[in-house]
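# Structure assessment
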Amino acid sequence: MNANETALVLKTVDGAIATLTLNRPEKLNALSYETIETLLRHLDAIEGDDGVRGVILTGTGRAFSAGGDIPEFSRSVAESPEAALRDFVARGQRLTARVEAFRKPLVVAVNGLAYGGGCEVTEAAPLAIASDRAVFAKPEILLGMPPTFGGTQRLPRLAGRKRAMELLLTGETFTPQRALELGLVNAVVPHDELLPRARDLLERILVHSPLAVSTILTAVTRGINLPIAEGLLVEAEQFARMAPTADLREGLDAWIARRAPAYPGLWTAVAEG
């Protein structure tokens, strides 16, 4: 195992899995502008690293993330609406969009508080597991504002309009069990089992073709909010990317031969002949 630590985000790589840990425990891992930019840089680097095939995103201390850094945001609001939109809203939406469209499997391991932006990152992630100590909230209404990192759009799509509205309009906290019922997380586990269970989920995915995993992630993310006919075109497009690859050939050959596949994991086409 090797570690590359920064002040705001800790990165460790163990085998094919990277763990990114938000590291502002004294601020409940609030998403400052610099924290968001640091996290984006890590995601960019991981996506380009063929040796890393999956990511766990979690937090230090008693919070996953309490959301945006409100004092920093307040200064942007005081400067101008344009500054607030540029510095806070656009940056936060860029983060959640990056998490949502990440081309490798990413599991958010919600270790504690997941308020505001922390909840929105969880909503955007393709997979999430919550500790039984986790607490969720959409508290932006308490500040006199709507969510700005995608919460008004993703939560209703996950939980349904009326259930999302209640959470968005009251700002009340809700339990990890409620998050599970609403579709925000895949499972709720004892706190001490959180990271092992997140890793286990990734390992169950990483036995498969990395190309197939990537095309599934892309097809679902791009197609989920489209009309079904357009979504089916996205699905077909992603299959067309896979069709000439050695991974598909290997998967079919292994199935027919009743053996375990050994995927090359390369986008190059199978040689003719």
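Within any chain, residue numbers begin from 1 and follow the written order of that chain's sequence. Given that the model is predicted, a residue must reach a pLDDT of at least 70 before its local features are reported, and side-chain atom pairs must reach 80 or more before they are shown or counted; all residues, however, enter totals for whole chains, interfaces and linings. With hydrogens and water excluded, all non-hydrogen atoms of the structure serve as input to the side-chain values.

### Examining the overall build of the protein chain
Helix and strand counts for the protein chain come out as 11 helices and 11 strands. Dimensions of the protein chain along its principal axes, counting C-alpha atoms only, are 65 × 45 × 35 Å. Of all 273 residues assigned to the protein chain, the portion counted as buried reaches 48%. For the protein chain, restricting intrachain contacts to residue pairs at least 6 apart in sequence, the fraction spanning at least 24 positions comes to 67%. All accessible areas in this document rest on Shrake-Rupley with a 1.4 Å probe, and a residue is counted as covered only by the protein chains that are shown. Of the roughly 13,600 Å² of accessible surface on the protein chain, 57% is carried by carbon and sulfur atoms. Across the protein chain, 29 positive and 33 negative side-chain charges occur, with their mean positions spaced 2 Å apart. By definition, any uninterrupted DSSP run of H or I lasting at least four residues is a helix, any uninterrupted run of E lasting at least two residues is a strand, and each is numbered from the N terminus. Between buried and exposed lies partly exposed: a residue is buried under 20% and exposed over 50% of the maximum accessible area for its type, with that area taken using a 1.4 Å probe on protein chains only. Throughout, a contact is declared for two residues whenever any of their heavy atoms are within 4.5 Å. Positive charges come from Lys and Arg, negative ones from Asp and Glu, while His and the chain ends are left out of the count. To locate a charge, take atom NZ for lysine, CZ for arginine, CG for aspartate or CD for glutamate.

### A closer look at the packing of helix α1 (residues 33-47) against helix α3 (residues 81-100)
Between the N-to-C directions of two axes lies an angle of 0 to 180 degrees, each axis being a line fitted to C-alpha atoms and, for a helix, fitted only over the stretch in contact. Look at α1 against α3: their axes get within 10 Å of each other, and the N-to-C directions meet at 25°. It follows that α1 is roughly parallel to α3 by the angle criterion. Note on packing geometry: the crossing formed by α1 with α3 is left-handed. Between α1 and α3, the residues in contact are Tyr33, Ile36, Glu37, Leu39, Leu40, Leu43, Asp44 and Glu47 and Asp87, Phe88, Arg91, Gly92, Arg94, Leu95, Arg98 and Val99, respectively. A class-by-class count of the residues in the contact of α1 with α3 yields eight nonpolar, one polar and seven charged. With respect to orientation, any angle under 35 degrees is reported as roughly parallel, any angle over 145 as roughly antiparallel, any angle of 65 to 115 as roughly perpendicular, and every other angle as oblique. What makes a crossing left-handed is the near helix being turned counterclockwise from the far one by less than a right angle; a clockwise turn instead makes it right-handed. Polarity classes work like this: nonpolar for Ala, Val, Leu, Ile, Met, Phe, Trp, Tyr, Cys and Pro, charged for Asp, Glu, Lys and Arg, and polar for all others, with Gly in that last group.

### Looking at the sheet that holds strand β7 (residues 113-115)
Only strands joined by at least two bridges in the DSSP assignment are considered to pair. The mixed open sheet is built from four strands, whose spatial order is β5-β7-β9-β10. For this open sheet the edge positions go to β5 (63-65) and β10 (173-174), each flanked by a neighbour on one side alone. Strand direction decides the pairing type here: β5 and β7, joined by two bridges, are parallel. The residue bridging alanine 63 from the neighbouring strand is leucine 113, located in β7.

### Observations regarding the packing of aromatic side chains
In this scheme Phe, Tyr and Trp rings, the latter by its six-membered ring, pair at centre separations within 6.5 Å, and the angle between planes marks the pair as stacked below 30 degrees, edge-to-face above 60, and tilted otherwise. For the structure on display, the rule yields three aromatic pairs. For the ring pair phenylalanine 136 and phenylalanine 174, a centre distance of 5.5 Å and an interplane angle of 20° mean the geometry is stacked. Taken together, the residues phenylalanine 136 in strand β9 (residues 135-137) and phenylalanine 174 in strand β10 connect sequence positions 38 residues apart. The same class applies to phenylalanine 136 as to phenylalanine 174, namely buried. Among the aromatic residues, ring-to-ring pairing joins Phe73, Phe88 and Phe149 into one connected group. The ring of tryptophan 267 is capped by arginine 241, whose NZ or CZ atom sits 4.2 Å from the centre of that ring. Think of it as a cone above the ring: NZ of Lys or CZ of Arg counts as a charge over the ring if it is within 6 Å of the ring centre and within 35 degrees of the ring normal.

Everything listed here is a matter of coordinates, which is why it stays silent on function.
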